[in-house]
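This is what each chain is made of:
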Amino acid sequence: MYSKTLHISTSPHIAGGLSIEVIMRNVVWALVPVALFAVYTFGLNALMVLVTTVISCLLTEHFLCKISKKESTISDWSAVITGLLLGLTLPPIFPLWMAFFGGVIAIALGKFIFGGLGYNVFNPALVSRAVLQAAFPVAITTWFPAFTDNRFSVVNASVFTFPFMSPGVDGLSGATPLAAFKFDQVITNNSDLALGLISGSTGETCAVLILLGGLYLIVRNMMNWRIPVAILGTVLVLSGILHLIDSQAYPSPIFMLFSGGLMLGAIFMATDMVGSPITSLGVLIYGTVIGILVVVIRIWGGLPEGVMYAILLGNALSPHIDNLVKPRVYGTVKQPQQS
Amino acid sequence: MLNFRTNTFKNGIHPPEHKRETNGLPIRQFPFAPVIILPMVQHIGAPSKIMVVEGQEVVRGQLIAQADGYVSVPMHAPVSGTIRKIVNVPTISGKMAPGIFLEAFPSSTQEVQEGTPVNLESATTEEILQGIQNAGIVGLGGAAFPTHVKLKIPEGKHCEVLIINGIECEPYLTTDHRVMLEQAQDIFTGIRYLLKATGATRVIIGIEANKQDAVDHLEANIPNDLQVSIKVVPVKYPQGSEKMLITSLLDREVPSGGLPIEVHAVVVNVATTAEIGRLLPHGRGIQERVITITGPGIKKKGNYLIPIGTPLRYVLEQVGVDGEISEVYMGGPMMGTAVSNLDISIVKGTSGILAFTEKDVIRPEKIYPCIKCGACVDACPLFLNPSRLGILAKFEAYDQMTEHHLMDCFECGSCSYVCPAHIPLVQYFRLSKSIVRKRQAAAKQTLEYVQ
Ligand code: SF4
Ligand code: SF4
């Protein structure tokens with residue numbers, strides 16, 4: 001009786017149940033409605049861009065794992081998230097070869113050279129987006145009107161631009177609300193902004209769905225709520241003050257919240273655990289810094305879409321924030337920081 | 001920063017309790033195994049010194065091994081019988097230790113031999129401490145540290161509060177719960193001895209909110225002439241650790257590297273207290289203890305009073321196990337030890353026996369790199385940074401780990417429990433701590449040699 005060999009494991013013998021695959025998979029689920037709405041808004045163009053970026057991220061990750069003789073890590077779903085996020089930050093009629101290139105950059109440059117998942121300093125999708133911005137300044141600012149009648153039947157020609165060619169300027173560039181305000185003082189209706197009934201990059205439009213996705217992840221304890229709250233709160237307060245000072249020169253805080261990539265960035269990109277600080281206090285500082293940067297870059301910088309740079313700068317600061325805000329260890333008195 | 005008093009410590013975790021399975025089951029006497037195996041290391045400190053010879057007949061309760069020095073305790077015969085063998089026996093740590101095989105008389109009345117009683121009224125502090133050592137009492141919560149050593153108040157320090165630990169925060173275990181329900185008088189008698197031994201001016205019994213019946217029962221039975229306050233604290237792991245309990249009850253922090261006495265407190269487990277109250281008035285030694293036997297692989301779950309030295313194999317045969325058991329633990333699921341060998345026996349520090357079948361065991365097939373999610377930081381009750389410590393452990397950067405307070409970690413396992421990357425953080429810390437300790441010892445030796 002009981003001659004069976006017993007397994008030996010080390011304590012604790014029970015586990016909390018969350019795992020990286022589960023968290024990542026749920027982030028994907030939270031992003032799916034945003035992506036679907038983007039497809040609904042922009043039609044086949046957007047669908048093709050999203051599919052391209054996801055496939056390119058997965059292929060790159062698989063390939064890089066193989067050539068470095070490691071087990072493929074695509075099953076942890078993190079490449080899918082990067083692909084989706086990248087696709088959602090691109091204009092809907094972005095040439096597919098550029099989108100594919102973006103996916104390769106995101107994984108190779110944003111993640112792999114740092115050592116893969118967990119070691120990357122920056123959000124891979126944003127690294128790629130920044131590279132694309134520098135490489136294809138025209139294509140990435142060529143916006144496309146939402147809800148064109150033939151969006152489900154016609155694919156725009158520029159999507160199929162041959163590799164290494166620039167798309168012809170075919171008169172489709174409509175200004176995004178932020179650019180419209182910044183350069184032409186045109187104010188877009190706030191409820192249109194929140195519901196996503198405007199032009200913008202593929203997924204930067206439906207704030208309501210983005211918020212719901214974030215809420216779902218927060219409720220399931222898979223996202224640190226402090227990050228979006230700190231970012232959005234800071235933007236709200238700061239731009240509110242500016243708007244009170246001069247409502248002609250500065251846009252209203254609600255407009256600031258719902259325009260550009262702020263929602264997507266604050267909820268799905270700045271919250272990337274790898275690039276954000278580890279302590280609760282650190283995370284609040286990080287969020288506040290990003291919020292301030294967003295307002296500063298948008299209003300005084302040359303770039304209406306300042307969210308991307310704000311988050312990248314926040315990522316770069318995270319390790320330093322972690323070094324500065326160390327919790328006081330139980331049973332010790334607060335010592336002067338040394339590091 | 002805002003500081004709310006919440007009656008509990010910061011951080012910690014909420015694992016599923018699984019206490020319902022056994023907390024309603026009264027303590028039952030376990031049968032005597034035909035052969036009892038007593039290892040001489042059942043406590044922290046020097047092994048007990050065997051005083052009997054092979055072939056000798058002993059009576060239940062008789063002293064069979066002496067304390068070897070101050071940090072050590074004696075051992076008493078758990079059954080009447082014959083000493084069959086004195087050999088090295090396996091222990092849970094995997095190491096062998098000197099031990100005694102005791103064959104029980106088949107149909108003895110098993111009456112207990114008593115020694116010199118310790119009179120509560122007339123005994124001095126020293127006499128009570130001596131009495132506690134003579135009874136072979138160690139911390140029954142699992143630590144198995146000799147109780148008389150812990151109760152000895154160092155020169156120049158004083159004890160203000162005596163804390164009786166009825167928290168039992170480990171999932172599955174309900175022994176302390178049952179002891180509080182069934183042995184209230186012993187607990188209060190024990191408290192009287194402890195008050196005299198420590199000189200404490202007040203007593204707090206700390207109990208988690210999931211044991212309200214025990215709270216009510218104790219409240220109702222407090223003797224008129226004894227001032228005892230019972231405090232209910234919210235359920236949270238690892239509240240039963242001394243440091244966390246002191247913070248929960250007194251809002252004080254035990255200094256890093258220090259003992260509870262630095263904040264004028266002494267913490268004693270509730271079952272240990274009951275044992276003191278039961279044994280000292282009769283001068284008896286400890287021969288049995290209450291153990292929760294539970295887990296999905298056990299047929300007759302319950303709380304049993306089991307003679308010390310009962311072989312684990314015999315215990316499992318009596319309660320019946322599922323044929324599919326794949327892991328057996330001694331202690332709770334958070335801090336207990338997995339058993340490789342059913343030929344080890346129950347010792348004084350065994351608070352629980354758990355059997356899990358293959359499907360209950362979560363064995364992560366893959367360990368991911370740390371994604372800096374911060375879950376471990378939010379779980380660690382000592383405010384350490386397990387993520388950072390884990391990364392440093394991989395680089396074997398032990399000096400840096402020590403700077404990051406590695407040695408404060410008491411291996412509660414909260415960080416591993418929450419880690420979504422399934423990094424065996426506590427395991428890293430256990431190993432690193434033992435390496436650091438060895439290095440420190442070696443450094444000390446070199447220093448002595450040089451001088
Ligand atoms: S095992 Fe150590 S590091 Fe981990 S939570 Fe417990 S005390 Fe903190
Ligand atoms: S819980 Fe695990 S993955 Fe998360 S920060 Fe801690 S060590 Fe890293």
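Because the structure is predicted, anything quoted here is derived from the model rather than measured.

Peer 1: Would you mind going over the overall build of chain A with me for this structure?
Peer 2: Within chain A one finds 13 helices and zero strands. Traced from its N-terminal end to its C-terminal end, chain A shows the element sequence α-α-α-α-α-α-α-α-α-α-α-α-α. By residue count, 55% of the 339 residues in chain A fall in the buried class. Accessible surface for chain A amounts to roughly 14300 Å². Of this, 70% is attributable to carbon and sulfur atoms.

Peer 1: Help me understand the interface of chain B and chain A in this model?
Peer 2: Often, the extent of an interface is quoted as the loss of accessible area upon association of its parts. The partner chain A presents 37 residues to the 66 residues of chain B that form the contact. On the chain B side of the interface with chain A, the three residues burying the most area are Y368(B), I371(B) and K372(B), jointly 14% of the side's total. There are one salt bridge connecting chain B and chain A. With a closest N to O distance of 2.7 Å, R328(A) and E253(B) form a salt bridge. Connecting chain B to chain A are 16 residue pairs in polar contact (both at pLDDT 80 or more). Elements with a contribution of two residues or more to the side of chain B that touches chain A: α7 (242–250), α9 (312–319), β15 (325–330), β16 (337–338), α10 (375–379), α11 (386–394), α13 (414–418) and α14 (425–450) of chain B. Element by element, the count of residues in the side of chain B that touches chain A is highest for β15(B), at five residues.

Peer 1: What exactly am I supposed to notice about the domain arrangement of chain B here?
Peer 2: All names here are of chain B. Taken as a whole, chain B is organised into domain 1 (2–23 + 117–282) and domain 2 (375–450). Put simply, the middle of domain 1 and the middle of domain 2, counted by C-alpha atoms, are 28 Å apart. Listed by partner, the interface residues are 16 residues for domain 1 and 14 residues for domain 2. Across the domain 1 to domain 2 interface the summed buried area is about 1000 Å²; carbon plus sulfur atoms make up 60%. Taken as a group, N11, I13 and M244 account for 40% of the area that domain 1 buries against domain 2, more than any other trio of residues on that side. Taken together, the links from domain 1 to domain 2 amount to zero salt bridges. Where domain 1 packs against domain 2, one counts five residue pairs in polar contact (both at pLDDT 80 or more).

Peer 1: Help me understand the site of ligand 2 in this model?
Peer 2: Around ligand 2 lies a shell of 14 residues, among which C370(B), C373(B), G374(B), C376(B) and C419(B) are the nearest. With respect to ligand 2, the chains having nearby residues are chains A and B. Split into classes, the residues belonging to the shell around ligand 2 amount to 11 nonpolar, two polar and one charged.

Peer 1: What exactly am I supposed to notice about the packing of helix α4 (residues 96–108) of chain A against helix α5 (residues 124–135) of chain A here?
Peer 2: Residue and element names in this part refer to chain A. At a closest axis distance of 8 Å, the pairing of α4 and α5 adopts a crossing angle of 130 degrees. The angle between the axes of α4 and α5 places the two elements in the oblique class. Where α4 crosses over α5, the handedness of that crossing is right-handed. Residues M98, F101, G102, G103, I105 and A106 of α4 form the contact with α5, whose participating residues are P124, A125, S128, V131 and L132.

Peer 1: Help me understand the site of ligand 1 in this model?
Peer 2: Lining the immediate surroundings of ligand 1 are C380(B), P381(B), L384(B), P386(B), C409(B), F410(B), E411(B), C412(B), G413(B), S414(B), C415(B) and F429(B). Residue classes in the shell around ligand 1 are distributed as nine nonpolar, two polar and one charged.

Peer 1: Mind showing me how you'd approach the pattern of salt bridges here?
Peer 2: Side-chain pairs of opposite charge can arise where the charged atoms are in close proximity. Residues and elements named next belong to chain B. Evaluation of the coordinates by the stated rule reveals 15 salt bridges over all chains. Two residues, R60 and E288, come together in a salt bridge whose shortest N-O distance is 3.1 Å. Placement of R60 in the loop between β4 (57–58) and β5 (63–66) and of E288 in strand β13 (residues 288–294) is noted, with a sequence separation of 228 residues between them. The buried category is assigned to R60, whose relative accessible area is 8%. The residue R202 makes a salt bridge to E160 at a minimum N-O spacing of 2.9 Å. With R202 in strand β10 (residues 202–208) and E160 in the loop between α3 (147–151) and β9 (161–166), this pair connects stretches of sequence that are 42 residues apart.

Peer 1: Please explain the pairing of β10(B) as it appears in this structure.
Peer 2: Along a regular strand, successive side chains alternate from one face of the sheet to the other. Residue and element names in this part refer to chain B. Extensive coverage of β10 is indicated by the burial of six of its seven residues. Note: β9 against β10, six bridges, orientation parallel. Residue V161 lies in a different strand from β10, and its bridge partner there is R202. As judged from the five bridges shared by β10 and strand β11 (residues 229–233), these two strands associate in the parallel manner. Residue I207 lies in a different strand from β11, and its bridge partner there is V232. The handedness of the β10 to β11 crossover, carried by helix α6 (residues 212–221), is right-handed.

Peer 1: Quick question: what am I supposed to make of the side chain of S72(A) here?
Peer 2: By the element assignment, S72(A) lies in the loop between α2 (44–67) and α3 (78–89). A distance of 3.5 Å separates a polar side-chain atom of S72(A) from the backbone nitrogen of I74(A).

Peer 1: Mind showing me how you'd approach the sheet that holds β5(B) here?
Peer 2: Strands belonging to one sheet form pairs held by backbone hydrogen bonds; the direction of such a pair is parallel or antiparallel. Residues and elements named next belong to chain B. The strand order across the open sheet formed by three strands is β3-β5-β6, and the pairing between neighbours is antiparallel. Each end of this open sheet is capped by a strand with a single partner; those strands are β3 (49–50) and β6 (75–76). Bridge count for β5 against β6 is two bridges, and the pairing is antiparallel. By the bridge assignment, A65 is partnered in β6 with M75.

How each quantity is defined
Residues numbered from 1 in each chain as written. Chains lettered and ligands numbered in written order. Predicted model: local features only at pLDDT ≥ 70, side-chain atom pairs only at ≥ 80, totals over all residues. Heavy atoms only, no water. Helix = DSSP H or I, 4+ residues; strand = E, 2+ residues; numbered from the N terminus. Buried < 20%, exposed > 50% of the residue type's maximum accessible area, 1.4 Å probe, protein only. Areas by Shrake-Rupley, 256 points an atom, 1.4 Å probe, with all protein chains shown as cover. Contact = heavy atoms within 4.5 Å. Buried area = accessible area lost by both parts, 1.4 Å probe. Salt bridge = Lys/Arg side-chain N within 4 Å of Asp/Glu carboxyl O. Polar contact = N/O pair within 3.5 Å; in protein donor to acceptor, adjacent residues only side chain to side chain. Domains from an automatic or database assignment. Near = heavy atom within 4 Å. Nonpolar A, V, L, I, M, F, W, Y, C, P; charged D, E, K, R; others polar. Axes fitted to C-alpha atoms, helices over the stretch in contact; angles between N-to-C directions. Parallel < 35°, antiparallel > 145°, perpendicular 65-115°, else oblique. Left-handed = near helix turned anticlockwise from the far one by under 90°. Pairing = 2+ DSSP bridges. Right-handed = clockwise from strand over helix to strand, strands pointing away.

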